[in-house]
Amino acid sequence: MSTEKPRPTFQMDGHDVPFDEGQSILAAALAAGRYVPYLCYHPEFQPHGSCKVCTVKINGRTHASCTTPAHEGDVVESNVDELNDMRKGLVQFLFTEGNHFCPSCEASGNCTLQAVGYDLGMTSAHYSPLFPDRPLDASHPEVLLDFNRCILCELCVRASALVDKKSVFSLAGRGIQKHLVVNAESGKLADTELSVDDKAMSVCPVGVILRKRRGFQVPIGERKYDEHPIREVAVQKQKGE
Amino acid sequence: MTLDPSAIVARHHGDASRLVQILHDVMAVEGHVAPPVITALARALGLPRGQVEGVVEFYSFFSSEPRGRFRVLFSDNITDEMAGSHELRKHMLDSFRLQPGEVSRDGLVSIGTTSCTGLCDQGPAMLVNDRAIPRLTPARIGAITSLIRGDVPVDRWPDNLFPIASHVERRDLLLSTELSPGAAIDAAIARGAAATIEEITRSGLRGRGGAGFSTGTKWAACASAPGPERYIVCNADEGEPGTFKDRELLAAHADLLFEGMTVAGFAVGASKGILYLRAEYPFLVEPLLATLEARRRAGLLGERVRDAFAFDIELHVGAGAYVCGEESALIESLEGKRGIPRNRPPYPVTHGYLQKPTVVNNVETLVAAALVATHGAGFLRAVGTPKSSGTKILSVSGDVARPGIYEYPFGVSVQQVLDDAGAVDTQAVQVGGPSGMLLSASELHRRIAFEDVPSAGAFMVFDGSRDMLAVVENFTRFFAHESCGFCTPCRVGTTLSAQMMKRVVSGTGSRRDVKDLAKVSNLMRATSHCGLGTTAGNPVLDALAKFRPSFDKRLRSLEVLPTFDLDEALAPAREATARDDEGAHFTNQTSQAEKP
């Protein structure tokens, strides 16, 4: 007789997914090798559920799967047309909101937004682009900030506050005016304590936080999502590989 | 008066959770919170600078840039618009030769708009340096313009500009019951805490803010949550456009409200209450503080309330953010942060203000609770419907002869309210505000009750002369302005909806816009983070279902239209050449075709 209690499970798209007490639907699904698209989630940080791309239906109602704890017997729908259409709509919203020009972007091929867009079969942003005016910040000797690509996931905010203990990044403004700011009266990155080995340097899912003089070192076509589809990368990342 | 940020911070005991109140104090001295002041406040409070900047930029009533010495904000609710606010604002802008939101070169004045100021029964209304002025007319605008030109400080303006009238047109249980101060507290003490909660539960009292959660259940959950400290928060952030019933309750029945908060404190074991008052009601601050002080002197607040328990109430003034009406966003705001709704669970009843168990109740709910505590569950049960016991206070405005406050037993028909308020030729009624339900003329038999048409209190009436698409366009603009921006669907969806509605109303929309309006609304409904986003598409979806011909009439036949607007593109050229004549415009397709 085994002394180990069997882990509780919920159902996702007809498959049993085991989970630990308190674990979110998203984390459990990824750990079980079941991909759910997401942008603002990161296995090393407390989820905050702002992008809503990981939305699933739990017992018939829509929820962000990253912030919803799993319960025994939950019936979860994820990889169905209705939800994938919603996710595509949300990714189109993000492409509409910012200035995303993949062909000229240093992050192309390494960009989660781009990869999720491809994965969901997105072929255009659909809506009239908002073309916000978001000047670059090139003040820092080592780092360039290109706010045009920011999707407001707050990963750099969280990483800088919780891991680096510097709070270099914050969000300001409201609604569509919401934007990333740096922690300096001048508003310039050079006047913050950011250094290139900060955790905040490595968490941006798009191409906002860039090392200077490293552009296009890896050719397009040989980058992360060129080599492996995001479905595989996301599952590996959850397992810490 | 010169600004001393560290002195202001010291006055608030260096407490970072009081940041919003601290910023109010800074604004009162300088009219804005300049970048060096943000730095100084952050240092004094031990907060990251970016966090303070984030708070300043989040709330409409704060600004990091200088605004005019006179900050004029026209209330932008649809009822103000119907009463002529756009024309009055244009007139005032023209007389100062200003663009909306622009500060005059001498720094004297800026003229802009703000979301509904809760004066819909006496609009159009404006705020000048955060003081409310109702009943605007061309003559009153003229007087205000002269006072501003003369640089007369607002506190020396004539008294006749400011009085807020009280229009109570129908009283029922809540508005007609007199209670001697302390009666509800005494009754609660006599009954005991647990039995008081039980009584509230049996009364069937449901939250009057719109969601309709059982008040007794909420109190019981808070009372049984672990931990020694608990809080009672009264949500007086009445921001739903078209709602002004809390204004009346706070102005004329504050004792009853504080009685209800104190009973709640006794029942759940909280010793502190906080009243979160919307910033648009500054005229209520002094009277409310005076009422609180009187109650302290009478032994109804303080260390020993009726020698039985400790309870006191603090006033917290919001700063212009509709989203703070959502209870967890309100709590964030109380803690001095941006008003972003939290992830739930955990709920405020277990992890609320400062992560302590907290009850958040609407003003009207707490007033009703005071009466139930005094007169028992049957008092409420005797009126209303089985699922909606008691009464509902409606704020009636728009195309009616007698706008004002109407209290009815739940179950009253929409038609009854219209008849009592003197509405004729009613085309539509927006019940519950933009996030509520838009009813067409064929639905006026429906009833105000949680089980039929729920309402937080707004009741805006539109007669046959109104353009319902312009109404919906106003609502989409409201949501775009008030979205907190936390989640993708609401942040982007509200802005896209407002843009598309603007195109449709101006006659440049396409069938694709109409399809996309439905798609965006449904996406917001399904995936948004909080109630603001999930309901932001309601007016569009209701209008598409009930006023579809109005949309189709406005559309050009093309499936897709260029989003590039030639006439709009000429605007900078017009400005540069100071021309605004016909020849400087592309007026329609024909004239465009005629241009070489």
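Because the structure is predicted, anything quoted here is derived from the model rather than measured. Here the residue numbering is sequential within each chain, running from 1 through the sequence in written order. Chains and ligands are labelled by the order in which they are written, letters from A for the one and numbers from 1 for the other. Local features in a predicted model are, by the rule used here, given only for residues with pLDDT of at least 70; side-chain atom pairs are given and counted only at 80 or more, and totals for whole chains, interfaces and linings are based on all residues. Heavy atoms from the whole structure form the basis of all side-chain values; hydrogens and water molecules are not counted.

### Section: the overall build of chain A
How we decide: Under the DSSP-based scheme used, a helix requires at least four consecutive residues in state H or I and a strand at least two consecutive residues in state E, with every element numbered from the N terminus. Throughout, the radius of gyration refers to the C-alpha atoms, and the reference size of a globule is 2.2 Å times the residue count to the power 0.38. Between buried and exposed lies partly exposed: a residue is buried under 20% and exposed over 50% of the maximum accessible area for its type, with that area taken using a 1.4 Å probe on protein chains only.
Looking only at helices and strands, one finds six helices and nine strands in chain A. Relative to the globule expectation of 18 Å for 241 residues, the C-alpha radius of gyration of chain A, 19 Å, shows essentially globular dimensions. The principal-axis extents of the C-alpha atoms in chain A amount to approximately 65 × 40 × 40 Å. Counting every position in chain A, which comprises 241 residues, the buried fraction comes to 54%.

### As for the pattern of salt bridges
To be explicit about the condition: Definition used for salt bridges: Asp or Glu carboxyl oxygen within 4 Å of a side-chain nitrogen of Lys or Arg.
Summed over all chains, the structure comprises 51 salt bridges over all chains. Note that E106(A) is salt-bridged to R223(A), the shortest N-O span being 3.5 Å. Note that E106(A) is positioned in the loop between α2 (81-97) and α3 (112-119) and R223(A) in the loop between β9 (209-211) and α5 (224-227), a separation of 117 residues in sequence. In this structure, a network of salt bridges that share partners links the residues D76(B), E81(B), E473(B) and R477(B).

### Overview of the state of the cysteines
All names here are of chain A. Filter applied, for reference: Cysteine sulfur atoms are paired as a disulfide whenever they fall within 2.5 Å.
This structure, assessed with the given rule, holds zero disulfides over all chains. Considering cysteine sulfurs only, C40 is the nearest to C51, which forms no disulfide, with 3.8 Å between them. A disulfide-free cysteine, C105 has its sulfur positioned 6.3 Å from the sulfur of C111, the nearest such atom.

### Side note on the domain arrangement of chain A
All names here are of chain A. Short version of the rule: Domain start and stop positions are those given by an automatic or database domain assignment. In this analysis, two residues are considered to be in contact whenever any of their non-hydrogen atoms come within 4.5 Å of each other. In this description, buried area is defined as the sum, over both parts, of the accessible area (probe of 1.4 Å) that is lost when the two are combined. In protein, a polar contact means a hydrogen-donor-capable atom and an acceptor-capable atom, both N or O and within 3.5 Å, with residues adjacent in sequence counting only if both atoms are side-chain atoms; elsewhere, any N or O pair within 3.5 Å suffices. Amino acids outside the nonpolar list (Ala, Val, Leu, Ile, Met, Phe, Trp, Tyr, Cys, Pro) and the charged list (Asp, Glu, Lys, Arg) are all regarded as polar, and Gly is one of them.
Parsing chain A into structural domains produces domain 1 (9-79) and domain 2 (100-226). Between the C-alpha centres of domain 1 and domain 2 the distance comes to 26 Å. In this assembly, 14 residues from domain 1 lie in contact with 17 residues from domain 2. Summing both partners gives a buried area of about 1,100 Å² for domain 1 against domain 2, and 68% of it is carried by carbon and sulfur. By the criterion of area lost to domain 2, the three top residues of domain 1 are L39, F45 and H48, representing 53% of everything that side buries. Our count for the contact surface shared by domain 1 and domain 2 stands at one salt bridge. At the junction of domain 1 and domain 2, the tally comes to five residue pairs in polar contact (both at pLDDT 80 or more). A breakdown of the residues in the side of domain 1 that touches domain 2 according to their chemical character gives nine nonpolar, four polar and one charged.

### Looking at the interface of chain A and chain B
Taken together, the contact pairs 39 residues of chain A with 43 residues of chain B. Here chain A meets chain B over a buried area of about 3,300 Å², counting both sides, of which 56% is carbon and sulfur. A per-residue breakdown of the area chain A buries against chain B is headed by F93(A), R174(A) and E185(A), which together make up 24% of the total. The tally of links from chain A across to chain B stands at two salt bridges. For R174(A), the salt bridge identified is with E482(B), shortest N-O distance 3.1 Å. Taken together, chain A and chain B are joined by 21 residue pairs in polar contact (both at pLDDT 80 or more).

### Looking at the nonpolar core
Put simply, the rule reads: What makes a nonpolar core is a set of buried Ala, Val, Leu, Ile, Met, Phe, Trp, Tyr and Cys residues whose side-chain atoms join them at distances within 4.5 Å.
With 216 residues, the main nonpolar core has F169(A), W219(B) and L257(B) as its most contacted residues. For this core, the element with the highest residue contribution is helix α13 (residues 254-268) of chain B, accounting for 10 residues. Aside from chain neighbours lying at most four places away, what touches L257(B) is C234(B), L250(B), L275(B), V363(B), L366(B) and V367(B). Grouped together as the second largest cluster of nonpolar side chains are 23 residues, L108(B), V109(B), M126(B) and I148(B) included.

### Description of the sheet that holds strand β3 (residues 55-58) of chain A
Residues and elements named next belong to chain A. Rule in force here: Two strands make a pair as long as DSSP finds a minimum of two bridges between them. A fitted line through C-alpha atoms serves as each axis, taken over the contacting stretch for helices, and the angle formed by two N-to-C directions is quoted from 0 to 180°.
Read across the open sheet, the five strands follow the order β2-β1-β5-β3-β4; overall the sheet is mixed. Of all the strands in the sheet, just β2 (15-18) and β4 (61-64) have a single pairing partner and so form its edges. Averaged over all pairs of adjacent strands, the angle between their axes in this sheet comes to 40°, without regard to strand direction. As paired elements, strand β1 (residues 9-12) and strand β5 (residues 75-77) share two bridges and run parallel to each other. Along β5, the bridge assignment pairs Q11 with V75.

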